[in-house]
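# An overview of the molecular structure
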Protein chains: 4
Amino acid sequence: MKFKINSELEYNVLSASTMIFNIHALRTLNQTVLEESLIVNPDIRVEEFTSSNSANRFMRLQIDKPMQLKVSYKATVDTQYKLIDERQEAKTVPVVKMDGDIIQFLFPSRYCQSDKLQRLAYKEFGQIENLYSKVLAINDWIYSNIEYVSGSTDSHTSAYDTITERVGVCRDFAHLGIALCRALSIPARYFTGYAFKLNPPDFHACFEAYIGGNWILFDPTKLAPVNGLVKIATGRDAADAAVATFFGNVRCSRLNVECDTTDSGFVPLNYSTEKLEGVSYQ
Amino acid sequence: MKFKINSELEYNVLSASTMIFNIHALRTLNQTVLEESLIVNPDIRVEEFTSSNSANRFMRLQIDKPMQLKVSYKATVDTQYKLIDERQEAKTVPVVKMDGDIIQFLFPSRYCQSDKLQRLAYKEFGQIENLYSKVLAINDWIYSNIEYVSGSTDSHTSAYDTITERVGVCRDFAHLGIALCRALSIPARYFTGYAFKLNPPDFHACFEAYIGGNWILFDPTKLAPVNGLVKIATGRDAADAAVATFFGNVRCSRLNVECDTTDSGFVPLNYSTEKLEGVSYQ
Amino acid sequence: MKFKINSELEYNVLSASTMIFNIHALRTLNQTVLEESLIVNPDIRVEEFTSSNSANRFMRLQIDKPMQLKVSYKATVDTQYKLIDERQEAKTVPVVKMDGDIIQFLFPSRYCQSDKLQRLAYKEFGQIENLYSKVLAINDWIYSNIEYVSGSTDSHTSAYDTITERVGVCRDFAHLGIALCRALSIPARYFTGYAFKLNPPDFHACFEAYIGGNWILFDPTKLAPVNGLVKIATGRDAADAAVATFFGNVRCSRLNVECDTTDSGFVPLNYSTEKLEGVSYQ
Amino acid sequence: MKFKINSELEYNVLSASTMIFNIHALRTLNQTVLEESLIVNPDIRVEEFTSSNSANRFMRLQIDKPMQLKVSYKATVDTQYKLIDERQEAKTVPVVKMDGDIIQFLFPSRYCQSDKLQRLAYKEFGQIENLYSKVLAINDWIYSNIEYVSGSTDSHTSAYDTITERVGVCRDFAHLGIALCRALSIPARYFTGYAFKLNPPDFHACFEAYIGGNWILFDPTKLAPVNGLVKIATGRDAADAAVATFFGNVRCSRLNVECDTTDSGFVPLNYSTEKLEGVSYQ
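Cut-off values and rules
Residues numbered from 1 in each chain as written. Chains lettered and ligands numbered in written order. Predicted model: local features only at pLDDT ≥ 70, side-chain atom pairs only at ≥ 80, totals over all residues. Heavy atoms only, no water. Helix = DSSP H or I, 4+ residues; strand = E, 2+ residues; numbered from the N terminus. Buried < 20%, exposed > 50% of the residue type's maximum accessible area, 1.4 Å probe, protein only. Pairing = 2+ DSSP bridges. Least-squares fit on C-alpha atoms with pLDDT ≥ 70 in both. Salt bridge = Lys/Arg side-chain N within 4 Å of Asp/Glu carboxyl O. Contact = heavy atoms within 4.5 Å. Axes fitted to C-alpha atoms, helices over the stretch in contact; angles between N-to-C directions. Buried area = accessible area lost by both parts, 1.4 Å probe. Polar contact = N/O pair within 3.5 Å; in protein donor to acceptor, adjacent residues only side chain to side chain. Nonpolar A, V, L, I, M, F, W, Y, C, P; charged D, E, K, R; others polar.

### Notes on unusual backbone geometry
Backbone torsion omega between Asn41 of chain A and Pro42 of chain A reads 0°, so that peptide bond is classified as cis. Inspection of the secondary structure puts Pro42 of chain A in the loop between β3 (31-41) and β4 (47-51). Asn199 of chain C connects to Pro200 of chain C through a cis peptide bond whose omega is 5°. Along the polypeptide, Pro200 of chain C turns up in the loop between β10 (188-195) and β11 (204-211). The phi dihedral of Arg166 of chain B is positive, around 60°, even though this residue is not glycine. As for its position among the elements, Arg166 of chain B is in the loop between α5 (159-165) and β9 (167-168).

### Focus: the pairing of β11 of chain C
Residues and elements named next belong to chain C. Along β11, eight of the eight residues are buried, which leaves the element largely enclosed by surrounding structure. Side chains of β11 alternate between two faces, with His204, Cys206, Glu208 and Tyr210 and Ala205, Phe207, Ala209 and Ile211 buried alike. The pairing of β10 with β11 spans six bridges and is classified as antiparallel. Each residue of the ladder has a partner; that of Ala188, found in β11, is Ala209. Here β11 runs beside strand β12 (residues 214-218); their pairing, made up of five bridges, is antiparallel.

### Regarding the relation of the copies chain D and chain C
Superposing chain D onto chain C takes a rotation of 180° combined with a translation of 0.0 Å along the rotation axis, leaving an RMSD of 0.0 Å. One copy is carried onto the other by what is essentially a two-fold rotation axis. Taking C-alpha positions as reference, the residue of chain D nearest the rotation axis is Arg110 of chain D, located at 1.8 Å.

### Here's the deal with the pattern of salt bridges
Inspection of every chain in the model, using the stated rule, returns 57 salt bridges over all chains. Here Glu8 of chain C makes a salt bridge to Arg254 of chain C, at a shortest N to O gap of 3.4 Å. With Glu8 of chain C in strand β1 (residues 2-13) and Arg254 of chain C in strand β15 (residues 250-261), this residue pair connects regions lying 246 residues apart in the sequence. A salt bridge links Arg57 of chain D to Glu48 of chain D; the shortest N-O distance between them is 3.1 Å. Linked by salt bridges that have partners in common, Arg27, Glu36, Glu48 and Arg57 of chain A make up one network.

### Considering the arrangement of the chains
Contact between chain B and chain C is absent, and the least distance between their C-alpha atoms amounts to 11 Å. Note that chain A does not reach chain D: the shortest distance linking a C-alpha of one to a C-alpha of the other is 11 Å.

### Remarks on the sheet that holds strand β12 (residues 214-218) of chain A
All names here are of chain A. Strand order in this open sheet of four strands is β12-β11-β10-β13, and the pairing throughout is antiparallel. Edge positions in the sheet fall to β12 and β13 (229-235), since each has one partner strand and no second. The sheet shows a mean angle of 35° between the axes of neighbouring strands, direction not considered. Helix-sheet contacts for helix α4 (residues 131-145) involve β11 (204-211) and β12, and the interaxial angle to β11 is about 155°. On the sheet, helix α6 (residues 170-183) packs against β10 (188-195) and β11 and is oriented at approximately 15° with respect to β11.

### Things to note about the relation of the copies chain A and chain B
With an axial shift of 0.0 Å and an RMSD of 0.0 Å, the rotation relating chain A to chain B amounts to 180°. Both copies contact each other with a shared surface, as 100% of the interface residues of chain A are interface residues in chain B too.

### As for the interface of chain D and chain C
Opposite the 36 residues of chain D that make contact, chain C presents 36 residues. The contact between chain D and chain C buries some 3,000 Å² in all, and 57% of this surface belongs to carbon and sulfur atoms. Taken together, chain D and chain C are joined by four salt bridges. Two residues, Arg236 of chain C and Asp240 of chain D, come together in a salt bridge whose shortest N-O distance is 2.4 Å. Our count for the chain D to chain C interface comes out at 14 residue pairs in polar contact (both at pLDDT 80 or more). The set of elements that each furnish at least two residues to the side of chain D that touches chain C consists of β2 (17-21), β4 (47-51), β5 (54-63), α2 (100-103) and β14 (244-247) of chain D. Across the side of chain D that touches chain C, the residue classes break down as 13 nonpolar, 14 polar and nine charged.

Structure, rendered in structure tokens:
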């Protein structure tokens, strides 16, 4: 499926600052960036970089004096996903056989304090046998119990807050999903991306759970079809995969994000408890 | 310098459990494991594994029924360190030039909520220019202001707790050091190891700050000489580098750790504010 | 109903200390202290005192040097309670008509952060109309979802912790009940007392909710019959009604508490969702 | 000293709501309300009430349907204060001799978790002998270390947050002062009032510490002279003495508060470490 992405970000840079962005569409076996362009105005040197523990495409800029900065990224991306019948496959990979790179996603992280949620998670979801059904129950519980309120939380908010205060945005929904999975010894990671016709238009955050050897996508906000995502990054939580990180005094003054498909036959897919199918972008 | 390590761990395994250990001495350019032995009793199959984002040597075991388990690790390790004159070198590597693998150590993590400590860190340490002196001031502040009390904290305790409650063990001291460094945009990571004649005998936790392109070791407990350490692992915090992680019901019933040098000429080194020297194990 | 109380407390006083106790049976219209005795050994002067905002019977002692202290309180108490049919009466007293002394029990307190639990409380219990049924649902939810584990929490633990970590003792169960009631604008207060044949033997903590003009007792631990209590104190939370408060270095070395009835016809009463009856000690 | 007070509050009441206000000048031996007027528009019945544990003058209104509400309170108040030489008098009243009504101000409360700040408070302030000097050091420490930023915190923010995050408004400054005093076994309470020419114009919050038998006023914001205050209320913290509390959906749309003296000879007074003088309004 081909998606057209357009994101425009404007910043009021108030002091000399280093800015790190993570807005490029990821390149994977199943996701091909057909074309892309990045315009920074004024024309400041941008350096792309990665780290050895992920393929996430970061870029960084050094701003030496106060200014207005505009970043514009456009891309056309071809995304494939696997649709997995989870009736048979939804089995746990035992920790003792798990790939060494997966194990880190079992551990608590800044925004996902799974170590504090173990009794709660076992009480609410421990009795569900099929692993996919278990994570789907977590996903539906979050959707039903957490109120989505724009602007209700900030960059310090974590799953430990959200489980009690019961309000948040997509980032908080994803963090809570991850924390509950890890509390049940299910590897889970943070997923950021562009989402088909997301309203209000913004970057989106979801989570992936490791089920039967595949990373399966879940979106507890239910704001976009699970097959309508273009992956930007994955990480342990938003600390690893923030859209923008600033060292300096920077304010966002405008944000516009669009994601639409150019294919006519796009059929939005949503999970249901009857049809146990999982979407994996790998 | 050659160190002889001996660690004996005994566990009461109460249910079928997976156990992950991280007690092997690390192999690096500057640390050579001359000989080592691992005995598990009863004789259960142990698998060593690593992950792509570190050289930490993990091992895992699957225990299928309740039992007493004894793990005994012995090694002789030759450790070299660089002693760096920090009067000249203690400069910041700008974020914009930092290696992509270093940048993750600027971000908050489970036990090091640096995002919440920025005003405090700038107020207390922001005016110190030399980067090594700044981290040394953090190290000395922790030593002076946090009370070391065995058993006072647990695996949920984080830097956010410790900065206020002012009590903890080596793990908590290290987490607070890391959080304060990251709050000041200094990369910092968790370090576990064996420490020369540590009393009470146990595994030790310290932290490393990234100064002038080197990882410099700091030990805010001041319980061991900074040149008397054998590295086991580094990570973002104790979530990445726990000595032992259990999936199941396991209680530690006995712990004995020894670390002594076999060389006669070992001169313990400690930092001072007069002599700006930093120890780097790399 | 007549109850015989016997409590023996032993302390290791390690430094000069002031000790405040709140272990005397309360005197109310419905609770008569038929006889009581207090023995302190060694024979240190004890002063009883009260404050203007409650009838709680505090006593205090000044210990000038390290010693072993033994406090022994015995009493025979005649307790009456009202059994209220809550099918008709379980109505809210509107805040605008509430007695000025009741209103404080609507506000958050140290261990009952009701301000942070509003969405959760409305989501879980908001739709229940009858006020008694609503509090009974809270009581049953706590009983079903929080694990009672002796020694699992300490004097810093609050409802905000317990709602997530799902473990605690009677004090924590009571705090959570209070916090959830206040979050729903139902006045609620902390209740300490002696409980009929409580096992393990200890002081007990419950909570009272203000329903239809009466303070109705609830015990989310379900460890004692609701008609088997002798009231010691009420307050906003454990900060107001702690059994013992120390200014100095004091360790409890032994605690023995007994509460039995001398009447033959005692019929233990427990709440049920079918029979809407509430117990009020006033 | 005579002060003229004028406060105008406008609210957008979005649902049927009960509103409680605490904006009337307190009547005490040393504070005489010479004249006052309250206008509510539309003309809704207002009931004044008090509780038995304070003289605070609360009023409450029942709003039955959505509306704009305007509350206007004007008063002329004659305030006397005692100026106490704290070189001699600044002695601790031992807990064992303290009036029963004072003791509650030693205990932790919702926004003042003094139980968690004991080590920190002893480390920072424990060695100062004179009690007034000790509280003045707390006051100055807060002034120097906490950044005053309008709008930076909300009604959930507590001293436990502020001691670490180092930012807040007058309410947060007062809560931290109270928590640090109580951590050192000094009774302390929350004080709200009108402050002489406060800029930005608003209600003000300070704290009082119990020193040598007097309640001495401290203002860690240093935004108003300590002799320029008209007391509205005291309480354990903002939970007891909030300017406005709503049960329902209410938004404040405008706030204007003025406080000026009508006397020509007003000499603003501020504390200094040289001149040990304390202001007590009783």
